[in-house]
Amino acid sequence: MVSDSIVVLVLNISREIPKVVVESEEATKAEEENNKKTEKVIHALLVSLFGDVKFRENGKLVISVDGNVAHLDKQSGNVESENEGLKERVRVAFQRIQNAVKPIPLSMS
């Protein structure tokens, strides 16, 4: 009797494992899709604020406003520009967009 129960338990576990793997793959795909949508929204909002926004390598954006250029690193949020006013505007705008698009996640306790 005990051995029959163990065999049934093992068989049920082996049937349930693929379901867990499929769910995690679907969750990963959904997360990747959400990240792509988020990047598109961030880019669209920056374009609406500053106009000329171009993608560069390593996740950096080049923002041109009235002949002034700012380089924005999307990963760290660092902004490099010779014009301090533009640098501060881009930094603040990016922080606000990040807070709107990716709010602080609430813990599930």
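A.B. asks: Tell me about the overall build of the chain, and please be specific about residues and values.
C.D. replies: From N to C terminus, the chain includes 2 helices and 4 strands. Listing every helix and strand of the chain by position from the N terminus yields α-β-β-β-β-α. Buried positions account for 20% of the 109 residues belonging to the chain. In the chain, the share of contacts with a sequence separation of at least 24, taken over all contacts with a separation of at least 6, comes to 26%. Entry remark: accessible area of the chain is about 8600 Å², with carbon and sulfur atoms responsible for 56%.

A.B. asks: With reference to specific residues and values, describe the sheet that holds strand 3 (residues 68-73).
C.D. replies: Note on sheets: strands pair through backbone hydrogen bonds, and any given pair is parallel or antiparallel. If you walk across this open sheet you meet the 4 strands as 1-2-3-4, and the pairing is antiparallel. Each having just a single partner strand, strand 1 (52-55) and strand 4 (79-81) make up the two edges of the open sheet. Recorded for the sheet is a direction-independent mean angle of 20° between the axes of neighbouring strands.

A.B. asks: Which residues make up unusual backbone geometry, and what are the values?
C.D. replies: Note: most peptide bonds trans; most residues except glycine with negative phi. Although it is not a glycine, D66 adopts a positive phi angle of roughly 50°. Structurally, D66 is set in the loop between strand 2 (60-65) and strand 3.

A.B. asks: Account for helix 2 (residues 84-101), with residues named and values stated.
C.D. replies: Its 18 residues place the ends of helix 2 26 Å apart at the C-alpha level, agreeing with the 26 Å of an ideal helix rising 1.5 Å per residue. If you check which residues of helix 2 are buried, you get L86, V90, A93, F94, I97 and Q98. In a view along the axis of helix 2, the buried residues occupy a sector of 135°, so they form one face of it. Summarising the geometry of helix 2, the exposed residues directed more than 90 degrees from the buried face are E84, R96 and N99.

A.B. asks: Tell me about the side chain of S81, residues and numbers included.
C.D. replies: Relative to the assigned elements, S81 resides in strand 4. Look at S81 and you get buried, because its relative accessible area is 16%. From its side chain, S81 meets the backbone oxygen of V69 in a polar contact 3.0 Å long. Within the local environment of S81, its side chain forms a polar contact with the backbone nitrogen of N83, the two atoms lying 3.2 Å apart. If near-sequence neighbours (up to four positions away) are discounted, S81 is found in contact with V69, A70, L86 and K87.

Cut-offs used in this document
- Residues numbered from 1 in each chain as written.
- Predicted model: local features only at pLDDT ≥ 70, side-chain atom pairs only at ≥ 80, totals over all residues.
- Heavy atoms only, no water.
- Helix = DSSP H or I, 4+ residues; strand = E, 2+ residues; numbered from the N terminus.
- Buried < 20%, exposed > 50% of the residue type's maximum accessible area, 1.4 Å probe, protein only.
- Contact = heavy atoms within 4.5 Å.
- Areas by Shrake-Rupley, 256 points an atom, 1.4 Å probe, with all protein chains shown as cover.
- Pairing = 2+ DSSP bridges.
- Axes fitted to C-alpha atoms, helices over the stretch in contact; angles between N-to-C directions.
- Expected span 1.5 Å × (residues − 1).
- Arc of directions from axis to C-beta.
- Polar contact = N/O pair within 3.5 Å; in protein donor to acceptor, adjacent residues only side chain to side chain.

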